[in-house]
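Next come the chains, spelled out residue by residue.
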Amino acid sequence: MSQRLQRSFVLVFLAVSMIRAGELGAHQSPFGDLPPDASSEQLIQALRRQEGAGLFERGDRWRNTPIEEAIRVGVRNMKWVEFINESRDEEDRISLSSPENTKSYPIESPSEYSPRTIRADLNRLRSELPEPLLNVLFNEQPFTNEPPIPEDEFIEWGLRTDRIFQTALRWRGLEPWLDHYEGYRRRDIRGHYFFSRMNPKERDVLLENSSKWSDPQKTEVAGWLVSLCMNSGGYLSSCRGEVNRTLNAGGDARPLYEKWRRGGVAMWNYFFRITNARTDVEFRDENRVRMPFRDPGHALVRAFLKDNIEDEWRFGDWALRLVFSSYARAHVEFRRNVVPHVDRLGGDKIVMNADQPLSEYDAQWTIRHEFGHVLGLPDCYVEYYDRERAVMVNYQIDVKNLMCSRTGRIQKIHVDELRRTYYRPN
């Protein structure tokens, strides 16, 4: 193996190991465990833990900046829905958090947000809101007992307001950690993603003819190459410099792709491979998995676990079954005022928010997703800070994947990875 190739492997290993170990520091913030499509309730809980219990009771302080105003308006929007729901039966209640209302952020169209974008969204909302909603949300007139406009329109405007609210909460929570999230740019997997989906011959023709690229192609394809370079452990300035020198000379970009391709593959595997396997997963029958789980000692919680986990973790003929036991390592704990999480990938403890009813969609999706972490599966979304443009960028690698998105479900890729890791036939 050449020294250059050895160095490439070392850089890839160090880059992925650094991220796995959390050395870039994102998990110092409670927002580090929240996907881009986290609900307002989850974001509020994380921000309360970060900034203190009195965060949303500070009166006129919330009028000072676009972020603070977006949070103030978002809180009023949420409390208005709660006020209306107080006099309704459960089946008639308005919900701003459901599978149908969840917005995804696909890799092809990432979300980019900052105080500037939030200000623009808030001003647009203010100018377009129907007057009865404007008066309550922005001018703080009293809540009404029922929506003052048709209910479907009320929900549509409520969702739009709530998404600005979510973005403002997320920015507020991540702002103290921008230096750490700048380092997470090395996780940007779009170069590997888009190159790997091209026909190999067409990709080679594209790369060897960089002098014929249009201006949009120069920006896009050069960005993909820089992404691969950073996946391999390179720094933004040096990666960009090497790509620009090749393109400015009208040279063949294929050697750059081949040099960094393994870095993209390694980073891709980081999002989908199990690296901390459990020892208590029983996978001897090709289509049956048995997973010991500590009996929670409460019939309602036991049913919640069994119904959600076993409903989710099945695919075709393949199925996982929980085996409740007093001595199992994997278990669930309910605590007040927490952001749901697992102690580590392949860990034993799922922590759930005790303030959230088990009947809510958020709780049901969360236990399904967090159980994936117990099995050792990582999250598959990307979020980093682009300092040059002063924006946060985030996206979900596959919005149909349970570990990437709240709109996702278990997929064949999960079953294949579990089989690769745990399948030990008799």
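None of these values were measured; they are calculated from a predicted model.

Observations concerning the packing of aromatic side chains
The tally for this structure, following the rule as stated, stands at 17 aromatic pairs. Between the aromatic rings of Tyr113 and Trp171, the centroid separation amounts to 6.2 Å while the plane-to-plane angle is 85°, which identifies the pairing as edge-to-face. Taken as a pair, Tyr113 in strand E1 (residues 111–113) and Trp171 in helix H6 (residues 151–174) lie far apart in primary sequence, 58 residues in all. Per residue, the accessibility class of Tyr113 equals that of Trp171, and both read buried. Through a chain of ring-to-ring contacts, the aromatic side chains of Tyr193, Phe194, Phe195, Trp224, Tyr257, Trp268 and Phe272 assemble into a single cluster.

Section: the pattern of salt bridges
This model, assessed by the stated rule, comprises 40 salt bridges. With a shortest N-O distance of 2.9 Å, Glu312 and Arg409 are connected by a salt bridge. Of the two residues, Glu312 is situated in helix H13 (residues 299–312) and Arg409 in the loop between strand E10 (391–396) and helix H15 (412–422); the sequence distance between them amounts to 97 residues. On the accessibility criterion, Glu312 (2% relative accessible area) is buried. On the accessibility criterion, Arg409 (42% relative accessible area) is partly exposed. Taken together, the shared-partner salt bridges connect Glu69, Arg72, Arg126 and Glu140 into one network.

Description of the side chain of Ser40
With respect to the secondary-structure elements, Ser40 resides in helix H2 (residues 40–51). Apart from the residues within four sequence positions on either side, Ser40 is in contact with Met78, Asp162, Phe165, Gln166 and Leu169.

Remarks on the environment of Cys404
Note on placement: Cys404 falls in the loop between E10 and H15. C-alpha separation for the pair Cys404 and Asp379, spaced 25 residues apart in sequence, amounts to 5.8 Å. Setting aside chain neighbours within four positions, we find Cys404 in contact with Phe272, Cys380, Tyr381, Gln396, Ile397 and Asp398.

What about empty space enclosed by the protein?
This model, assessed by the stated rule, comprises five cavities of 30 Å³ or more. The volume enclosed by the largest cavity comes to roughly 120 Å³. In terms of lining, the largest cavity is formed by 15 residues, of which the most central are Asp37, Asn101, Thr102, Lys103 and Gln166. Taken together, the residues that form the lining of the largest cavity break down as four nonpolar, six polar and five charged. Around the second largest cavity, the lining residues are Pro36, Ala38, Leu43, Tyr105, Ser111, Tyr113, Arg163, Gln166, Thr167, Arg170 and Asn394. Breaking the lining of the second largest cavity down by element, the ones donating at least two residues are E1 and H6. The element best represented in the lining of the second largest cavity is H6, accounting for four residues.

A word on the packing of helix H11 (residues 236–248) against helix H12 (residues 254–272)
For the pair H11 and H12, the least separation of the axes is 10 Å and the interaxial angle reads 155°. With respect to each other, H11 and H12 are oriented roughly antiparallel. Residue-level inspection shows Glu242, Val243 and Thr246 of H11 in contact with H12, the latter providing Leu256, Lys259 and Trp260.

Some points on the sheet that holds strand E2 (residues 282–285)
Strands pair in a sheet through their backbones, by hydrogen bonds, and they do so in one of two ways: parallel or antiparallel. The strand order E2-E3-E5-E4 describes an open sheet built from four strands, whose pairing is mixed. Looking at which strands have only one partner, the edges of the open sheet turn out to be E2 and strand E4 (314–315). Pairing of E2 with strand E3 (residues 288–294), which is carried by two bridges, proceeds in the antiparallel orientation. Paired with Glu282 across the strands is Arg290, a residue of E3. With respect to the sheet, H13 is in contact with E3, E4 and strand E5 (318–325), its orientation differing from that of E5 by roughly 160°.

Section: the confidence of the model for the protein chain
Confidence in the prediction for the protein chain averages 89 pLDDT; 90% of positions are at 70 or higher. A low-confidence stretch, residues 1–27 (pLDDT under 50), is modelled with 44 contacts involving residues beyond four sequence positions or located in other chains.

Points about the state of the cysteines
One covalent bond between the sulfur atoms of two cysteine residues makes up a disulfide. Taken as a whole, this structure holds two disulfides when the rule is applied. The disulfide bridge from Cys229 ends at Cys239, spanning 2.0 Å between sulfur atoms. The S-S bond linking Cys229 to Cys239 shows a torsion near -75°; that makes this disulfide left-handed. Of this pair, Cys229 sits in helix H10 (residues 215–231) while Cys239 sits in helix H11; the two residues are ten residues apart in sequence, bridging distant segments of the chain. Considered together, Cys229 and Cys239 belong to a single accessibility category, that of buried residues. Covalent S-S linkage joins Cys380 and Cys404, the inter-sulfur distance amounting to 1.8 Å. Disulfide Cys380-Cys404: torsion about the S-S bond near -110°, hence left-handed. Residue Cys380 is located in the loop between helix H14 (361–374) and strand E9 (381–386), and its partner Cys404 is located in the loop between E10 and H15; the two are separated by 24 residues in the primary sequence. The residues Cys380 and Cys404 share a single accessibility class, namely buried. Cysteine pairing for the protein chain, with bonded cysteines counted in sequence order: 1-2, 3-4.

Definitions and limits used
Residues numbered from 1 in each chain as written. Predicted model: local features only at pLDDT ≥ 70, side-chain atom pairs only at ≥ 80, totals over all residues. Heavy atoms only, no water. Phe/Tyr/Trp six-rings, centres within 6.5 Å; stacked < 30°, edge-to-face > 60°. Helix = DSSP H or I, 4+ residues; strand = E, 2+ residues; numbered from the N terminus. Buried < 20%, exposed > 50% of the residue type's maximum accessible area, 1.4 Å probe, protein only. Salt bridge = Lys/Arg side-chain N within 4 Å of Asp/Glu carboxyl O. Contact = heavy atoms within 4.5 Å. 1 Å grid on protein atoms, 1.4 Å probe; cavity = no way out; pocket = protein on both sides within 12 Å on 5 of 7 lines; lining within 4 Å. Points joined across faces, edges and corners; volume = space filled by probe spheres on them. Nonpolar A, V, L, I, M, F, W, Y, C, P; charged D, E, K, R; others polar. Axes fitted to C-alpha atoms, helices over the stretch in contact; angles between N-to-C directions. Parallel < 35°, antiparallel > 145°, perpendicular 65-115°, else oblique. Pairing = 2+ DSSP bridges. pLDDT = per-residue confidence, 0-100. Disulfide = S-S within 2.5 Å.

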